[in-house]
Amino acid sequence: MKGVMTQRRMAESIAAGLGTGRGEQYKSWIRVRRQHSSPVSNLYSLHVPLYARALQLLSGLEFAAANVAIWLGAWEVREQHPAWPDPHKHPASGLHPDFDRLLGNVPGLLEIARGCGIDHGVYPGTKIPFVATMDFTLAMGNWTNHRLTHWSCKPRELLESAPNRTRLAERIELETCYARAGNSQHVVIDGTQWTPKLIENLDWLRPLRKEQQSFDEGQLRDYAGWVMDSTDPIRVAKAHAATKTGLDRTASDGHFRAAAWRGLIDIDLTQDIIMSRPLLRDQACIKSRMKRELLEANHG
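Quick notes on the rules
Residues numbered from 1 in each chain as written. Predicted model: local features only at pLDDT ≥ 70, side-chain atom pairs only at ≥ 80, totals over all residues. Heavy atoms only, no water. Core = buried A, V, L, I, M, F, W, Y, C linked by side-chain atoms within 4.5 Å. Buried < 20%, exposed > 50% of the residue type's maximum accessible area, 1.4 Å probe, protein only. Contact = heavy atoms within 4.5 Å. Helix = DSSP H or I, 4+ residues; strand = E, 2+ residues; numbered from the N terminus. Arc of directions from axis to C-beta. Pairing = 2+ DSSP bridges. Axes fitted to C-alpha atoms, helices over the stretch in contact; angles between N-to-C directions. Phe/Tyr/Trp six-rings, centres within 6.5 Å; stacked < 30°, edge-to-face > 60°. Lys NZ or Arg CZ within 6 Å of the ring centre and 35° of its normal. 1 Å grid on protein atoms, 1.4 Å probe; cavity = no way out; pocket = protein on both sides within 12 Å on 5 of 7 lines; lining within 4 Å. Points joined across faces, edges and corners; volume = space filled by probe spheres on them. Parallel < 35°, antiparallel > 145°, perpendicular 65-115°, else oblique. Left-handed = near helix turned anticlockwise from the far one by under 90°. Nonpolar A, V, L, I, M, F, W, Y, C, P; charged D, E, K, R; others polar.

### A look at the nonpolar core
Consideration 1: Within the largest apolar cluster, 54 residues are counted, with the highest numbers of intra-cluster contacts made by Leu-55, Phe-136, Trp-151, Trp-194, Phe-256 and Met-290.
Consideration 2: Beyond its immediate stretch of four places on either side in the chain, Trp-194 contacts Leu-61, Ala-64, Ala-65, Val-68, Ile-189, Ile-199, Met-290 and Leu-294.
Consideration 3: Within the second largest apolar cluster, 11 residues are counted, among which are Ala-83, Met-134, Cys-177 and Tyr-178.

### Side note on helix H7 (residues 196–205)
Consideration 1: Regarding H7, the residues found buried are Leu-198, Ile-199, Asn-201, Leu-202 and Leu-205. Looking down the long axis of H7, one finds its buried residues gathered within 165° of arc, a one-sided arrangement.
Consideration 2: Buried residues along H7 sit against helix H2 (60–71), helix H11 (249–262) and helix H12 (286–296).

### A short note on the sheet that holds strand E8 (residues 185–189)
Consideration 1: Ordered by their spatial adjacency, 4 strands build an open sheet running E3-E6-E7-E8, and the pairing between neighbours is mixed. Every other strand in the sheet has two partners, leaving strand E3 (76–83) and E8 as the edge strands with one partner each. Strand-to-strand twist in this sheet, taken as the mean axis angle between neighbours without regard to direction, amounts to 35°.
Consideration 2: Bridge count between strand E6 (residues 132–140) and strand E7 (residues 147–153): 5 bridges; the pairing is antiparallel. Residue pairing for E7: Leu-138 is matched across the bridge by Thr-149.
Consideration 3: Most of the contacts of H12 go to E8, to which it runs at about 115°, and overall it touches E6, E7 and E8.

### Observations regarding the environment of Ala-74
Consideration 1: By the secondary structure assignment, Ala-74 is in the loop between H2 and E3.
Consideration 2: On the basis of relative accessibility, which here comes to 3%, the residue Ala-74 falls in the buried class.
Consideration 3: Ala-74 sits 221 residues away from Leu-295 along the chain, and the two C-alpha atoms are 8.2 Å apart.
Consideration 4: In contact with Ala-74, not counting residues within four places along its chain, are Leu-50, Ala-69, Leu-138, Ala-139, Met-140 and Leu-295.

### A short note on the side chain of Thr-133
Consideration 1: Position of Thr-133 relative to the elements: it lies in strand E6.
Consideration 2: Excluding its chain neighbours within four sequence positions, the residues that come into contact with Thr-133 are Trp-29, Ile-30, Gln-80, His-81, Pro-82, Ala-83 and Glu-175.

### Observations regarding the packing of aromatic side chains
Consideration 1: This structure, assessed with the given rule, holds 4 aromatic pairs.
Consideration 2: Look at Tyr-44 and Phe-63: their rings are 4.9 Å apart centre to centre, the planes differ by 35°, and that puts the pair in the tilted class. Of the two residues, Tyr-44 is situated in strand E1 (residues 44–47) and Phe-63 in helix H2; the sequence distance between them amounts to 19 residues.
Consideration 3: Taking the centre distance of 4.9 Å and the plane angle of 55° together, the rings of Tyr-123 and Phe-130 count as tilted.
Consideration 4: Geometry around Tyr-51 places Arg-53 over its ring, the cationic atom sitting 4.2 Å from the centre.

### Describing the pairing of E7
Every other side chain in a regular strand lies on the same face of the sheet, so the side chains alternate between the two faces.
Consideration 1: Most of E7 is tucked away, with 6 of its 7 residues classed as buried.
Consideration 2: As defined by bridge partners, E7 adjoins E8 across 5 bridges and the pair is classed as parallel. What sits directly across from Ser-152, in E8, is Val-188.

### Here we look at unusual backbone geometry
Consideration 1: The backbone phi angle of Asn-183 is positive, close to 55°, even though this residue is not glycine.
Consideration 2: Structurally, Asn-183 is set in the loop between helix H6 (165–181) and E8.

### Describing the layout of surface pockets
Consideration 1: As a volume, the second largest pocket reaches approximately 290 Å³.
Consideration 2: Of all the secondary structure elements, the ones that give two or more residues to the lining of the second largest pocket are E3 and strand E4 (88–89).
Consideration 3: At 3 residues, the largest contribution of residues to the lining of the second largest pocket is made by E3.

### Some remarks on the packing of helix H9 (residues 217–229) against helix H10 (residues 234–245)
Consideration 1: H10 packs onto H9 with a crossing angle of 140° between their chain directions and a minimal axis gap of 8 Å. Overall, the two elements H9 and H10 adopt an arrangement that is oblique. Handedness of the H9/H10 crossing: right-handed. Listed contacts from H10 to Gln-219, Asp-222, Tyr-223, Trp-226 and Val-227 of H9 are Ala-237, Lys-238, His-240, Ala-241, Ala-242, Lys-244 and Thr-245.
Consideration 2: A per-class count over the contact of H9 with H10 returns 6 nonpolar, 3 polar and 3 charged.

See below:
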């Protein structure tokens, strides 16, 4: 949030529902606005297959992380998600009243900070406790028993050479303790978990929500099956699959991207996708490994 925080401004933000809601109705605590600027990062308003709403992203690393999270199967992404200073409803609440009663509340970050011996922090020039945010709160699994994973996006060079490394480490510790209080996982995303080529491919393949909703599931799976059965160059395999499923060239391109994104077409996305060559399969099971390490570790 830009500018000096006041009690009135805080109340207005809370009344507007910032930092609350689930799924399509979620409103991030920090919103990308024209007046926001940063000398060290880029701001993004990203449309993804999950929602009509756009994700509010504050850096290139967050942009990459959002693509990876959805590709790995997160069915919910809440960006700039508050770890409120005071006790509050469990972050997994909000889907069903009975589920919410089982979850109860979690301690506020002020209490957690005191227990860790870490200064919570206030907004500059005020005594108002700072509203810390998780870069991402992600949901996996069935909604009735899902566990959350919180991602903190901190570039490797920042972790290693930032002038405020001690404070940075304290903030990460607070986020870890907050996740633990909610029986959730916390992962530091530093950009080394993937390659630039993977992000480039995911950004190209990622279907828009309207595209995804327009596909006939059976036709998409049949198309992917024909591509997978071929040992020809990708361009030839696509043309053959399109003929078999009754798609024109434009529709074939969209189906290929969506099927590769969803994993219906097994392809190594850490490599160049060269249409004049056959598919390179994900023989190293990169997607499965990343899913285990970044979204499912310690979830039992």
